[in-house]
Amino acid sequence: MDFKIEVNNNLISVHEGETLLSALWRNGFKVPTLCHMNHFSPTGACRLCAVEVEGKRDLITSCSYPVEKNMKVKTNSPRVIKARKALVELLLSNHPDDCLYCQRNGNCELQWLAEEMNVKERKFFGEKNPDYPDHSSTSVFRDPGKCVLCSRCVRMCEEVQKVTAIDFISRANQTKVNSAFHKGLNVSSCINCGQCIMVCPTAALLDISHIEKVQAALDSGKKEVLFFISPSTAASVAEQVGIKSQQDIAGIINAALKKCGADKVFNLGFACDINVLEESAILNDHMAKNLAMPLLSSCCPAWVQYVEEFRPEWLPFLAPSKSPQQIMGTLLKTHYSEKQKLNPAGVFSVAVMPCVGKKFEASREEMTRQGISGVDAVLTVRELFRFLRTFGIDLKSLAPLQVDEPFEKASAAAWKMGYSGGKAEAVALELYKMNNKGSQDGFKFSVSKNLAGKKETKIKSGKQQFGFAWTSGIEEADSYLQQIIEDNRTDIHYVEVMGCPGGCAGGGGQPISRNPEKPKNRKRLCQEMEKNAHFLSAGENLAVMDLYMGKDAAPGSEKTGEWYHTHFRKREVLK
Amino acid sequence: MKPELDGIFQKFPNRQREDLIPLLQQIQDDFGYLSNQIITGVGEYLGISVNKIYGVATFYDNFRFGPVGRYHIRVCHGTACHVAGTSTILQELEKQLRIKPGETDKEGLFSLEVVSCIGACGLAPLVEINEEYFTHLNLEKIKDLLAGFREKEQDTYES
Ligand code: SF4
Ligand code: SF4
Ligand code: FES
Ligand code: FES
């Protein structure tokens, strides 16, 4: 039921049961927040959303207070403004104030708040956080000195990712965010998903930067520097820069990277096609031989690490295929190096990804050959922009330049891997074709939801019926799979799991923004772009099939195993 | 896991979240402190993340994460002692020993703890060291006390 309340002498219409904050925002009243997160239960920790309500002695936190009939609210009374300003000044009291050297300069909620509240000088002097920055992780950098204790990372890590690698330690003015025993993230149970980075209002959480490594390789003049760009990276670039999806975005990125000194720029979509073919062949095999079921996708490093740490009993379900990034890395250091007569040790490969977990993946020991790793550096989308900016490159003004051979083409499957549900569809299509004499006629993949609201679908091929499901965000994935396994569901054959909510479109390496529409928008872009893909399905990618033929192999074969397959293992961590 | 720990676990057969604090309390009483290994064991037993447990345990003053020093200094922070000035005494101790309440110095010589009223308010301000009371303290006396302990250690060391 709706009713009216009075705000700053205006009547606004509100929904019964909603919070005052949501009513105010919907009606265009600006109220600052810091600890508030959409879809999370309120904590009332930061008090920045305070407003004055007639008849109440204290200011109330609008994010945790439900609307009431006959309420009279002031969002900008002198008292409110004074209180908010004091809160921000307190937050700044122990801040390092090094905005000029800070990665979040210009995109920092604390900076915005200080500016909005017209803070002009340091009023309070607090003790600085004595904890050192934590460089120990392969993917996530923590600088406790910049933490404002909003708890967004802690809630994300616990409630959405089910990991709880970090929490509040101590209390009162000693409170900090950290892992148990003040140990580094590297020994914690962190799965490197980067979702904490995505919600941090300041630079207390960042990527472990690889820009310097890449720059050094370019500057050395001795390395053959090979970039490869994931399709979802292209979608993010299109979105961020405002380029139309019909344009050859990968081509524009290629042109930009060539200006920075890249020797070659490839399309990671090529390896996505291989990964889809491999997983569908493995799936077919699992079904034929009655092996562990359902088969779980393994291209998301955060998901894989979660299973290794928390669900080792599920390891047999994980598809033993390398992720597209690692397939590409391997191809560059073996097949490609051989063909081009390059010494693999002189090749420097750089992945550009919407993901920070890919940094961890690249460093896994099973991903090296004779001490040479397949992928030498991983730039997140954020780092790509940062990198290009140092060269003064304006992406919008560049004409596209065809991505380099031989890894330039990809099918629609590659774009589908950019969002939750897409890969399941691509794998389903290949499986369908395998069971339908290679033809995709009659293939239908319609999204349906089971009783619990989980996304599942059935496809029919001849007499057979296959069940596919997809889930994203670790909490969701974990509870869904527990259910499937508990209920002994034999009708689900394949589950696509993406660690980040929404899949790579919401990846932990994407540009940071509080706009919740961004991941959806990127998904939409991927879907538009897949219409212009070079091929409809992974199996039609001629260059991919040539590679198989060169080894006299078919997808899933042992002969290409050293390129395309890997293994996972149980991992002991502090959890 | 240490067999003694299993004995404690048996007292908490339900393995619920609510057991956490009493369980930690019991362990602290029996072992004197919560080691990393023990916290990890508790996490496994109750199915709670170690990071969560460490967060909860550090929230309370009374949990320790390492063994106490040879001289365990408990500073009274009851009302009478507080009024009489134990805050400055605590500050002085923190400065001289370079540790905070709950910590033990590197040599394992001194450890600090803040406690509420010991029940000897008439003698405020006071601290308790290895179950002996040191009363009507002031900064001068604290300095002498610490110097005395250090000297004693030196002697034992040399002889
Ligand atoms: S990267 Fe993911 S798992 Fe690691 S601390 Fe952040 S949210 Fe938690
Ligand atoms: S690290 Fe960032 S997200 Fe986490 S509590 Fe601190 S400021 Fe908030
Ligand atoms: S946003 Fe309401 S208390 Fe922080
Ligand atoms: S207040 Fe210190 S003994 Fe009572």
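Remember, predicted model here, so these are calculated numbers, not experimental data. (Residues numbered from 1 in each chain as written. Chains lettered and ligands numbered in written order. Predicted model: local features only at pLDDT ≥ 70, side-chain atom pairs only at ≥ 80, totals over all residues. Heavy atoms only, no water.)

1. So, the overall build of chain A
Formally: Only DSSP runs of H or I with at least four residues qualify as helices, and only runs of E with at least two residues qualify as strands; both kinds are numbered from the N terminus onward. With the radius of gyration taken over C-alpha atoms, the globule rule is written as 2.2 Å times the number of residues to the power 0.38. Charge counting follows a simple rule: Lys and Arg are positive, Asp and Glu are negative, and His as well as the terminal groups are ignored. The location of each charge is read from NZ of Lys, CZ of Arg, CG of Asp or CD of Glu.
Scanning chain A for helices and strands turns up 19 helices and 20 strands. Over its C-alpha trace chain A gives a radius of gyration of 25 Å, about what one expects of a compact globule, namely 25 Å for 575 residues. For chain A, the C-alpha atoms occupy an extent of roughly 80 × 60 × 50 Å along the three principal directions. Positive and negative charge centroids in chain A, built from 73 and 66 side chains respectively, lie 3 Å apart.

2. Side note on the nonpolar core
Residue and element names in this part refer to chain A. Basically, it comes down to this: For our purposes a nonpolar core is just a set of buried Ala, Val, Leu, Ile, Met, Phe, Trp, Tyr and Cys residues, chained together by side-chain atoms within 4.5 Å. Note on exposure labels: buried denotes an accessible area under 20% of the residue type's maximum, exposed denotes more than 50%, and partly exposed covers the range between, all computed with a 1.4 Å probe on protein chains only. Note that the domain bounds reflect an automated or database-derived domain assignment. Contact between two residues is taken to exist if any of their heavy atoms lie within 4.5 Å; hydrogens are not considered.
Membership of the largest hydrophobic core comes to 94 residues, with the highest contact counts inside it found for Ile-274, Trp-303, Met-328, Leu-331, Phe-468 and Val-495. Element by element, the count of residues in this core is highest for helix 9 (residues 269–288), at eight residues. Two domains each provide a minimum of three residues to this core, namely domain 2 (140–208) and domain 3 (229–564). With sequence-adjacent residues up to four places away left out, Phe-468 is seen in contact with Leu-283, Ala-424, Val-427, Ala-428, Leu-431, Phe-445, Lys-455, Glu-456, Thr-457, Ile-459, Ile-492 and Tyr-494. The next biggest cluster of nonpolar side chains, apart from the first, holds 42 residues, and it includes Ala-255, Ala-256, Val-352 and Leu-398.

3. What about helix 17 (residues 518–530) of chain A?
Residue and element names in this part refer to chain A. Filter applied, for reference: The length a helix should cover is 1.5 Å for every residue beyond the first. Comment: arc refers to directions from the helix axis out to C-beta atoms.
In this model, helix 17 (13 residues) spans 18 Å end to end at C-alpha, consistent with the 18 Å of a helix rising 1.5 Å per residue. Restricting attention to buried positions, one finds in helix 17 the residues Arg-522, Leu-525, Cys-526, Met-529 and Glu-530. Angular distribution of buried residues about the axis of helix 17 spans 135°; they occupy a single face of the element. Taken together, the buried residues of helix 17 touch helix 7 (231–241), helix 8 (249–259) and helix 14 (412–416).

4. Quick look at the pairing of strand 2 (residues 10–15) of chain A
All names here are of chain A. Put simply, the rule reads: Only strands joined by at least two bridges in the DSSP assignment are considered to pair.
Judged from the six bridges that link them, strand 1 (residues 2–7) and strand 2 form a sheet pairing that is antiparallel. Directly across from Lys-4, in strand 2, lies its bridge partner Ser-13. Taken together, strand 1 and the strand that follows it, strand 2, pair antiparallel across an intervening segment of two residues, in which Asn-8 is found at a positive phi of about 45°.

5. A short note on the domain arrangement of chain A
All names here are of chain A. For clarity, the threshold we go by: Accessible-area loss on putting two parts together, using a 1.4 Å probe and summing over both, is the definition of buried area adopted here. In what follows, salt bridge is the name for a side-chain nitrogen of Lys or Arg lying within 4 Å of a carboxyl oxygen of Asp or Glu. Residues adjacent in sequence count toward polar contacts only when both atoms are side-chain atoms; beyond that, a polar contact is any pair of N or O atoms within 3.5 Å, and within protein one must be able to donate a hydrogen and the other to accept it. Each residue gets one of three labels, nonpolar for Ala, Val, Leu, Ile, Met, Phe, Trp, Tyr, Cys and Pro, charged for Asp, Glu, Lys and Arg, and polar for the others, Gly among them.
By the assigned domains, chain A splits into domain 1 (2–89), domain 2 (140–208) and domain 3 (229–564). The C-alpha centroid of domain 2 is placed 28 Å from the C-alpha centroid of domain 1. On the domain 2 side, the residues contacting the seven residues of domain 1 number ten residues. Contact with domain 2 buries surface across domain 1, with Leu-34, Met-37 and Phe-40 losing the most and accounting together for 69% of the total. Remark: the boundary between domain 1 and domain 2 carries zero salt bridges. For the pair domain 1 and domain 2, the interface holds three residue pairs in polar contact (both at pLDDT 80 or more). Classifying every residue of the side of domain 1 that touches domain 2 by side-chain character gives four nonpolar, three polar and no charged.

6. Considerations on the sheet that holds strand 17 (residues 448–449) of chain A
Ordered by their spatial adjacency, five strands build an open sheet running 12-20-19-18-17 (chain A), and the pairing between neighbours is mixed. The sheet is open, and its two edges are formed by strand 12 (295–296) and strand 17 of chain A, each paired on a single side.

7. Re the interface of chain B and chain A
Contacts between chain B and chain A engage 13 residues on the former and 17 residues on the latter. For the pairing of chain B and chain A, the buried interface totals around 1400 Å² over both sides, and the portion due to carbon and sulfur atoms is 52%. Summed over the three residues of chain B that lose the most area to chain A, namely B:Asn51, B:Lys52 and B:Tyr54, the buried surface amounts to 42% of that side. Counting every contact that joins chain B to chain A gives two salt bridges. With a closest N to O distance of 3.0 Å, B:Lys52 and A:Asp167 form a salt bridge. Joining chain B to chain A, the criterion identifies ten residue pairs in polar contact (both at pLDDT 80 or more). Counting residues per element, the ones that place at least two in the side of chain B that touches chain A are helix 3 (36–46) and helix 4 (50–59) of chain B.

8. Section: the pairing of strand 18 (residues 455–461) of chain A
Residue and element names in this part refer to chain A. Of the pairings in the sheet, the one linking strand 17 to strand 18 comprises two bridges and is antiparallel in character. The residue bridging Ser-448 from the neighbouring strand is Glu-456, located in strand 18. The pairing of strand 18 with strand 19 (residues 464–472) spans seven bridges and is antiparallel. Across the sheet, residue Lys-455 finds its bridge partner in strand 19, namely Trp-470. Counted between consecutive antiparallel strands, the loop separating strand 18 from strand 19 contains two residues, among which Gly-462 sits at a positive phi close to 60°.

9. Some remarks on the sheet that holds strand 2 of chain A
Strands in a sheet are paired, the pairing made by backbone hydrogen bonds, and the direction either parallel or antiparallel. All names here are of chain A. This is how it is decided: Axis definition: a line fit to C-alpha positions, over the contact stretch in the case of helices; interaxial angles, taken between N-to-C directions, run 0 to 180 degrees.
Spatial ordering of the open sheet is given by 2-1-5-3-4, a layout of five strands whose pairing is mixed. Looking at the sheet topology across the chains shown, the edges are occupied by strand 2 and strand 4 (60–61). The pairing of strand 3 (residues 50–53) with strand 4 spans two bridges and is antiparallel. Across the sheet, the residue bridging to Ala-50 is Thr-61, located in strand 4. Running at roughly 155° to strand 3, helix 2 (residues 78–92) makes contact with strand 3 and strand 5 (72–74) of the sheet.

10. Digging into the packing of helix 6 (residues 211–220) of chain A against helix 13 (residues 381–390) of chain A
Residue and element names in this part refer to chain A. Selection rule: Any angle that falls under 35 degrees is termed roughly parallel, while one over 145 is termed roughly antiparallel, one within 65 to 115 roughly perpendicular, and all others oblique. It is the rotation of the near helix from the far one that decides the hand of a crossing: anticlockwise by less than a right angle makes it left-handed, clockwise makes it right-handed.
At a closest axis distance of 10 Å, the pairing of helix 6 and helix 13 adopts a crossing angle of 45°. Compared by their axis directions, helix 6 and helix 13 come out oblique. Once helix 6 is placed against helix 13, the crossing between them reads as right-handed. Mapping the contact onto sequence places Ile-211, Val-214, Gln-215 and Leu-218 in helix 6 and Glu-383, Arg-386 and Phe-387 in helix 13. Looking at the contact of helix 6 with helix 13, its residues break down into four nonpolar, one polar and two charged.

11. Observations concerning the domain arrangement of chain B
Assigned domains within chain B: domain 1 (3–59) and domain 2 (71–158). Each of domain 1 of chain B and domain 2 of chain B was reduced to a C-alpha centroid, and the two centroids are 29 Å apart.

12. Digging into unusual backbone geometry
Residue A:Glu405 is joined to A:Pro406 through a cis peptide bond whose omega torsion reads 5°. Among the structural elements, A:Pro406 can be located in the loop between helix 13 and helix 14. With omega at -10°, the peptide bond leading from B:Ala124 into B:Pro125 counts as cis. Turning to its location among the elements, B:Pro125 is positioned in the loop between strand 2 (110–115) and strand 3 (127–129). Even without being a glycine, A:Leu149 presents a positive backbone phi close to 60°. Mapped onto the fold, A:Leu149 is located in the loop between strand 6 (140–142) and helix 4 (152–160). Owing to a relative accessible area of 33%, A:Leu149 belongs among the partly exposed residues under this scheme. The phi dihedral of A:Ser151 falls on the positive side, at around 75°, and the residue is not glycine. Here A:Ser151 lies in the loop between strand 6 and helix 4.

13. Points about the packing of aromatic side chains
The relation between two aromatic rings is expressed through the spacing of the ring centres and the mutual angle of the planes. To be explicit about the condition: In this analysis, rings of Phe, Tyr and Trp, with Trp reduced to its six-membered ring, are considered paired at centre separations within 6.5 Å, and the interplanar angle assigns stacked below 30 degrees, edge-to-face beyond 60, and tilted for intermediate values. Any Lys NZ or Arg CZ that is within 6 Å of a ring centre and within 35 degrees of that ring's normal is treated as a charge sitting over the ring.
Counted by the stated rule, this structure contains 23 aromatic pairs over all chains. Geometrically, the ring pair formed by B:Tyr71 and B:Phe110 is tilted, given 5.6 Å between the ring centres and 35° between the ring planes. Note that B:Tyr71 is positioned in strand 1 (residues 71–76) and B:Phe110 in strand 2, a separation of 39 residues in sequence. For the pair formed by B:Tyr71 and B:Phe110, the shared burial category is buried. Between the NZ or CZ atom of A:Lys69 and the centre of the ring of A:Phe3, over which it lies, the distance is 5.4 Å. Taking NZ or CZ as reference, A:Arg311 lies 4.9 Å from the ring centre of A:Trp314, over its face.

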